[in-house]
Amino acid sequence: MIKYFIRRILYGLLVMLGVIVLVFLLFQGFADPSRLVMGQRADAATQENIRRELYLDQPKWKQFVLFVNDLSPLAIHTDSEIEKKQLKGFFIGSGINLAIKVPYLRRSYQTKKNVGEVLMEALPGTLLLAIAAMCIAIVIGIPLGVLAAVKKDTWMDTSAIFTSVLGISAPSFFMGIVIAYLFGFVWSQYTGLHMTGSWRDMDEITGQPYWSLQNLWLPALTLGIRPLAIITQLTRSAMLDVLNQDYIRTAYAKGLSKSVVVWKHALRNALNPVITAITGWFAELLAGAFFVEYIFGWKGIGKVTVDALEKLDFPVVMGSVLITSCFFILVNVLADVLYAVVDPRVRLE
């Protein structure tokens, strides 16, 4: 098990390295961002200073090495770099230091703020949205799948299959627009919900921030539709297989009630593929929340990234892609390990 876990971690690190190379090539490998930092100023001396500050006056290979050094938790930095970049961590040495630090994602071109701090402020919103969407998918999807399996070939089963196929086929951005318009505008007086709003709003009278989880319902529902449909179909399929097993017939022969057999014995043994889907889809939700956050004005990494793209604020976009990729890889590694715990045969692959 330890070897399997280490192997998955190494695969994840290789994937992360590939993402870093791709991000560097896309956003810094072929362009000169100094113009974006300057805005309308066309002073050659100022542009040269900015190029020096961003290492753009160095060869591309050296820019990449410095980029990786900034991102790496274990790196080498001078005293001036530590002070200038306001690095956080443990530093061993004087002049040139061995650093065990928080990865440095550089600074925003527009606001000059540390990109890591900007994204960490937005990350709770994305995590909250993804967790809420997955909770909706689980709470509705598993019972719906069980009901469809128990009532096989009835109108309940047909309806569950039809709605799940519809949910899988409908793009999130399209469903977001429809749900926002209907529940946040047309029927707003009945639902009490709004088309846009974030998890933290400002009180118009006091000017103090407050939690507004009412705004969570519509984006969470939109984001949860596709995993809900997948979980419903997987639960139905797994339950149909389990309900035909001999031990289920034995349980009925012992006089156990149908509800006990279905919910306690059958469902418990049918959850393995569902657990795998849940962990995998949670990573998908973290990466797929971008357009949903933008449509509903929900302050998360997705909305921050889209806003940064509009302003050509590449460090924020690069940092967002890297953080999202890191979470995606971590969740997938945990899903692989969890599946290996549930099914030991996986470790032999």
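Remember, it's a predicted structure, so these values are computed and weren't measured experimentally.

Definitions and cut-offs
Residues numbered from 1 in each chain as written. Predicted model: local features only at pLDDT ≥ 70, side-chain atom pairs only at ≥ 80, totals over all residues. Heavy atoms only, no water. Helix = DSSP H or I, 4+ residues; strand = E, 2+ residues; numbered from the N terminus. Contact = heavy atoms within 4.5 Å. Axes fitted to C-alpha atoms, helices over the stretch in contact; angles between N-to-C directions. Parallel < 35°, antiparallel > 145°, perpendicular 65-115°, else oblique. Left-handed = near helix turned anticlockwise from the far one by under 90°. UniProt positions renumbered as here; feature names shortened; annotations may be inferred. Buried < 20%, exposed > 50% of the residue type's maximum accessible area, 1.4 Å probe, protein only. Pairing = 2+ DSSP bridges. Core = buried A, V, L, I, M, F, W, Y, C linked by side-chain atoms within 4.5 Å. Patch = residues over 30% accessible without salt bridge, like charges linked within 9 Å, V, L, I, M, F, W, Y side chains within 5 Å. Areas by Shrake-Rupley, 256 points an atom, 1.4 Å probe, with all protein chains shown as cover. Salt bridge = Lys/Arg side-chain N within 4 Å of Asp/Glu carboxyl O.

A. Summary view of the side chain of Arg-236. With respect to the helices and strands, Arg-236 occurs in helix H10 (residues 217-243). In contact with Arg-236, other than residues within four places in its own chain, are Gly-145, Ala-148, Ala-149, Lys-152, Asp-157 and Ile-161.

B. Main features of the packing of helix H7 (residues 155-169) against H10. Running from amino to carboxyl end, H7 crosses H10 at an angle of 140°, the nearest separation of the two axes being 8 Å. Considering the angle they form, H7 stands oblique to H10. For H7 against H10, the interelement crossing comes out left-handed. Contacts from Asp-157, Ile-161, Ser-164, Val-165, Gly-167 and Ile-168 of H7 reach H10 at Ile-225, Arg-226, Ala-229, Ile-230, Gln-233 and Arg-236.

C. The UniProt feature "transmembrane region" (unreviewed entry) in the protein chain, seen in detail. Cross-referencing UniProt, the feature "transmembrane region" (unreviewed entry) maps to residues 9-31, 127-150, 162-190, 274-296 and 316-342 in the present numbering. Along residues 162-190 one finds 90% helix and 0% strand; the C-alpha atoms at either end are 28 Å apart.

D. Region of interest: the pairing of strand S2 (residues 89-94). By the criterion of burial, S2 is predominantly exposed, with just zero of the six residues buried. Relative to strand S3 (residues 96-101), S2 runs antiparallel, the two sharing six bridges. Looking across to S3, one finds that Ser-94 is bridged to Ile-96. The hairpin turn running from S2 into S3, its antiparallel successor, is one residue long, and Gly-95 in that turn takes a positive phi close to 85°.

E. Just the nonpolar core, in detail. Leu-129, Met-134, Leu-223, Ile-231 and Met-239 are the most contacted members of the largest nonpolar core, which has 44 residues in total. Elements represented by at least two residues in this core include exactly helix H6 (115-150), helix H8 (172-186), H10, helix H11 (246-253), helix H12 (258-270), helix H13 (272-288) and helix H14 (290-296). Residue contacts for Met-239: discarding those within four places in its chain leaves Val-146, Ala-149, Val-262, Ala-266, Leu-267 and Ala-270. One finds Ile-50, Leu-123, Val-317 and Ile-323 within the second-largest nonpolar core, a separate group that totals 31 residues.

F. Here's a closer look at a nonpolar patch on the surface. A contiguous nonpolar surface patch, about 750 Å² in accessible area, is contributed by Leu-74, Ile-76, Phe-90, Ile-92, Ile-96, Leu-98 and Ile-100. Of all the elements in the fold, those that place two or more residues in the nonpolar patch are strand S1 (74-78), S2 and S3. The element that contributes the greatest number of residues to the nonpolar patch is S3, accounting for three residues. In this fold, Leu-74 is placed in strand S1.

G. View of the sheet that holds S3. Pairing is antiparallel across the open sheet formed by three strands, whose spatial order is S1-S3-S2. Every other strand in the sheet has two partners, leaving S1 and S2 as the edge strands with one partner each. The mean angle between the axes of side-by-side strands here comes to 25°, regardless of whether they run parallel or antiparallel. By the bridge criterion, five bridges tie S1 to S3 in an arrangement that is antiparallel. Its bridge partner being in S3, Ala-75 is matched across the sheet by Ala-99. Relative to S1, helix H4 (residues 60-71) is tilted by about 110°, and along the sheet it contacts S1 and S3.

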